[in-house]
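A look at the structure
For reference, the chains in residue letters:
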Amino acid sequence: MDRKYLFTALIYAIVGLILGIHMAASHDHGQLVTHAHIMLLGFVVSFFYALCHKLWLHEANCRLASIQFYVHQAGTLALLACLFLLYARWVPEAVLGPLLGIASVTVLLGMLAMAVMVVMRRAPAT
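Position labels on residues start from 1 in each chain and follow its written sequence. Side-chain atom pairs in this predicted model are given and counted only at pLDDT of 80 or more, local residue features only at pLDDT of at least 70, and totals for whole chains, interfaces and linings cover all residues. To obtain the side-chain values, all non-hydrogen atoms of the structure were included, while hydrogens and water were left out.

A few points about the overall build of the protein
- Under the scheme used here, helices are H or I runs from DSSP no shorter than 4 residues and strands are E runs no shorter than 2 residues, and both carry numbers assigned from the N terminus. When you go through the protein residue by residue, the secondary structure sums to four helices and zero strands.
- Along the chain direction, N to C, the helices and strands of the protein fall in the order α-α-α-α.
- Working rule for contacts: check all heavy atoms of both residues, and any pair within 4.5 Å makes them a contact. In the protein, the proportion of contacts linking residues at least 24 apart, taken out of those at least 6 apart, comes to 76%.
- What sets the accessible areas is the Shrake-Rupley method with a 1.4 Å probe; for residues, cover comes only from the shown protein chains. Carbon and sulfur atoms form 74% of the exposed surface of the protein, whose accessible area is close to 7,900 Å².
- The charge count treats Lys and Arg as positive and Asp and Glu as negative. His and the chain ends do not count. All charge positions are set by atom: Lys at NZ, Arg at CZ, Asp at CG, Glu at CD. Once the 7 positive and 4 negative side-chain charges of the protein are each reduced to a mean point, those two points are 12 Å apart.

Regarding helix α3 (residues 62-87)
- To estimate the expected span of a helix, subtract one from its residue number and multiply by 1.5 Å. Compared with an ideal rise of 1.5 Å per residue, which puts 26 residues at 38 Å, α3 spans 37 Å between its outermost C-alpha atoms and is within 8% of the ideal.
- Throughout this description, buried means an accessible area under 20% of the type-specific maximum (1.4 Å probe, protein chains only), exposed means over 50%, and partly exposed covers the range between. Every buried residue of α3 is listed here: Ala65, Gln68, Phe69, His72, Gln73, Gly75, Thr76, Leu79, Leu80, Cys82, Leu83 and Leu86.
- Looking at the residues trailing α3, positive phi occurs at arginine 89, about 65°.

Section: the UniProt feature "transmembrane region" (unreviewed entry) in the protein
- UniProt positions are given in the numbering used here, feature names are shortened, and annotations may be inferred rather than shown by experiment. Within this numbering scheme, the UniProt entry marks residues 5-25, 37-57, 69-90 and 96-120 as carrying the feature "transmembrane region" (unreviewed entry).
- Here residues 96-120 is 100% helix and 0% strand, with 36 Å between the C-alpha atoms at its ends.

Let's talk about the nonpolar core
- To form a nonpolar core, buried Ala, Val, Leu, Ile, Met, Phe, Trp, Tyr and Cys residues must be joined to one another through side-chain atoms within 4.5 Å. Grouped together as the largest cluster of nonpolar side chains are 19 residues, with contacts concentrated most on Leu79, Leu100 and Met114.
- Broken down by secondary-structure element, the contributors of at least two residues to this core are α2 (32-55), α3 and α4 (93-120).
- The residues contacting leucine 100, other than those within four sequence positions of it, are Leu79, Cys82, Leu83 and Leu86.

What to know about a nonpolar patch on the surface
- On the surface, Leu6, Leu10, Phe47, Leu51, Leu55 and Trp56 cluster together to form a nonpolar patch covering roughly 530 Å² of accessible area.
- Going through the elements one at a time, α1 (2-26) and α2 are the ones with two or more residues in the nonpolar patch. For patches, a residue must show more than 30% relative accessible area and have no salt bridge; joins then use 9 Å for like charges and 5 Å for nonpolar side chains, namely Val, Leu, Ile, Met, Phe, Trp and Tyr. Here, a salt bridge means any Lys or Arg side-chain nitrogen found within 4 Å of an Asp or Glu carboxyl oxygen.

Next up, the structure:
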């Protein structure tokens, strides 16, 4: 699971950097919020989850870990897509607002699942 999260974190970082470079080159920073969310929610949180799995959760419940991974990815991708469409002014906020809310709650559920795995982690035998 740590490798899955590391791989997705690097993909988010590449996408975020490409968007940042595009904004700098075009002098159009209209997607700044999207860029920030890609880098923080996509890259940083995914990288943090990779570290959690590598350092503490290598014995985590495989099923819960897998569900948590896909919940986080689905919520993050939905949130990022909605933000991109919103700040590109392609879809009105009235349409995207409820979707952004659902995506945000989905990301929160993924974070709660990670918290459950951390709390349920068995202490190492001494």
